[in-house]
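If you want the building blocks of each chain, they are given just below.
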Amino acid sequence: MSDKPDKINRQFRLAAHPVGQIKASDFAYREEPVPTPKAGEVLVRTIYLSLDPTNRIWMSEMDQYMPPVKIGEVMRGINLGVVEASENPRFQPGDLVSGLLGWQDYAIAEGETGIVLNKLPQPLLCPLSAYLGPLGLTGWTAYFGLLDVGQPKAGETVVVSAAAGAVGSIVGQIAKIKGCRVVGIAGSDEKCRWITEELGFDAAINYRTTANLVEAIAAACPNGIDLYFDNVGGQILDAVLTQVNLFARISLCGLISMYNATEPVPGPYNYGQILMKRVRVQGFIVTDYVNRLPEAISAIAQWMKSGQIKYAEDIVEGLENAPKAVLKLFDGSNTGKLIVKVSPEPR
């Protein structure tokens, strides 16, 4: 795959619904002419492409919160970009925008495309890429999933799975701001050190090397668990359920441990704890809160400014590397927000 010619729009389209782990053959690479916007439309050049666990959901045929990506369609993705040409009076060339523009260099949005663009503030409140992280979808997910769904109270114990990920790392820091004891579950000693030494988590558990996860969680949570922010489901959820307190809450954000399963996943075996401890379990999708995004952006930006929220990025260079890079979400090799840099930022 060669470097991007100026007049070519590189794309990755869905070629097959994955069975198990995502494979390179699940994508088809295409080169097309850069499109021209019609009346009401905007041409956007992608600068950054977000890679998220939900990519795996979108690629499947399972019942989900958005229509699945169809075979032959450009792979769905959240992009930050710059307006290159506009036939829409609300957008001017040079505007920085975000939207579901997909795995491609250029995209047409607005008009009758069904793709809505959001303008980024000027001047920017932080580096541009952070609008895919703490000031973007992952930050909003952490904010509403913890505060609205989980409703933490000062002094409570909060456990977060995938705690070194883009969402989990922000969840833990907001929980600390709210006065909670925070325990993170992550997949390496390096990640555990990062969330405790840099982000201020009170304790961390490496689930890959812990001999007995139930015992490790019990030791880290001597007063039980009041709130669990679940990004993974599966065995970790089952272990957490053994330690929940009366009237605990589980904020169900993701089930990444199960997305690649080729057979039905049994459990949770400790499901009875939900009844015995009167646990409230609530799933949520961040788009449920679209009308309140300014609230989340304002609060997180202030916490970033004060140094109460830190973040990490794993930036992969080149659109051509997106199909391989997305696997980092499932093998645990990334820390923080996973992003593909597709083209240079405007000067």
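Residues numbered from 1 in each chain as written. Predicted model: local features only at pLDDT ≥ 70, side-chain atom pairs only at ≥ 80, totals over all residues. Heavy atoms only, no water.

Going by what an unreviewed UniProt entry lists, the chain is known as NADP-dependent oxidoreductase and is assigned to Planktothricoides raciborskii FACHB-1370.

S.K.: Give me the overall build of the chain: which residues, what numbers.
M.R.: The secondary structure content of the chain amounts to ten helices and 15 strands. In terms of overall size, the chain behaves like a compact globule, its C-alpha atoms giving a radius of gyration of 21 Å where 347 residues would be expected to give roughly 20 Å. C-alpha extents for the chain along the principal axes are approximately 60 × 45 × 35 Å. Per-residue burial for the chain yields a buried fraction of 53% across its 347 residues. When contacts within the chain are restricted to residue pairs at least 6 apart in sequence, those whose partners lie at least 24 apart make up 67%. Of the roughly 15700 Å² of accessible surface on the chain, a fraction of 53% belongs to carbon and sulfur atoms. Side chains of the chain carry 32 positive and 36 negative charges; the gap between the two charge centres is 3 Å. (Helix = DSSP H or I, 4+ residues; strand = E, 2+ residues; numbered from the N terminus. Rg over C-alpha atoms; globule rule 2.2 N^0.38 Å. Buried < 20%, exposed > 50% of the residue type's maximum accessible area, 1.4 Å probe, protein only. Contact = heavy atoms within 4.5 Å. Areas by Shrake-Rupley, 256 points an atom, 1.4 Å probe, with all protein chains shown as cover. Lys, Arg positive; Asp, Glu negative; His and termini not counted. Charge placed at Lys NZ, Arg CZ, Asp CG, Glu CD.)

S.K.: Summarise the sheet that holds strand S9 (residues 181-186); cite the residues concerned and give the values.
M.R.: Strand pairing in a sheet relies on backbone hydrogen bonds. The paired strands run either parallel or antiparallel. Spatial strand order, S10-S9-S8-S11-S12-S13: six strands in an open sheet with parallel pairing. In the strand order of this sheet, the two ends are held by strand S10 (203-206) and strand S13 (280-283), each with one partner. With direction set aside, neighbouring strand axes in the sheet form an average angle of 15°. Sheet topology note: the S9/S10 ladder contains four bridges and is parallel. If you follow Val183 over to S10, its bridge partner there is Ala203. Against the sheet, helix H3 (residues 166-177) touches strand S8 (157-161), S9 and strand S11 (225-230), its axis set at about 170° to S8. Across the face of the sheet, helix H6 (residues 234-241) comes into contact with S8, S9, S11 and strand S12 (244-252) while running at roughly 170° to S11. (Pairing = 2+ DSSP bridges. Axes fitted to C-alpha atoms, helices over the stretch in contact; angles between N-to-C directions.)

S.K.: Outline helix H8 (residues 293-305), listing residues and values.
M.R.: Taking 1.5 Å per residue as the helical rise, H8 with its 13 residues ought to reach 18 Å, and the 18 Å between its terminal C-alpha atoms agrees with that figure. Listing the buried residues of H8 in full gives Leu293, Ala296, Ala299, Ile300, Ala301, Trp303 and Met304. Buried residues belonging to H8 abut helix H2 (137-150) and H3. Downstream of H8 by one or two residues, Gly307 has phi in the positive range, about 85°. (Expected span 1.5 Å × (residues − 1).)

S.K.: Go over the UniProt feature "domain: Enoyl reductase (ER)" (unreviewed entry) in the chain with me, naming the residues and quoting the values.
M.R.: Taken from the UniProt record, the annotation "domain: Enoyl reductase (ER)" (unreviewed entry) applies to residues 20-340. For residues 20-340, the end-to-end C-alpha separation is 23 Å, with 26% helix and 25% strand making up the annotated structure. (UniProt positions renumbered as here; feature names shortened; annotations may be inferred.)

S.K.: Give me the lowdown on the pattern of salt bridges, citing residues and values where you can.
M.R.: Counted under the stated rule, the structure contains 14 salt bridges. Glu32 is the salt-bridge partner of Arg30, the closest N and O atoms lying 2.7 Å from each other. Arg45 serves as the salt-bridge partner of Glu84, at 3.3 Å between the closest nitrogen and oxygen. Here Glu84 is found in strand S4 (residues 78-86), whereas its partner Arg45 is found in strand S3 (residues 41-50), with 39 residues between them in sequence. With relative accessibility at 37%, the residue Glu84 sits in the partly exposed group. Classification of Arg45 as buried rests on a relative accessible area of 14%. Each of the salt bridges in this network shares a partner with another, and the network as a whole consists of Arg10, Asp105 and Glu320. (Salt bridge = Lys/Arg side-chain N within 4 Å of Asp/Glu carboxyl O.)

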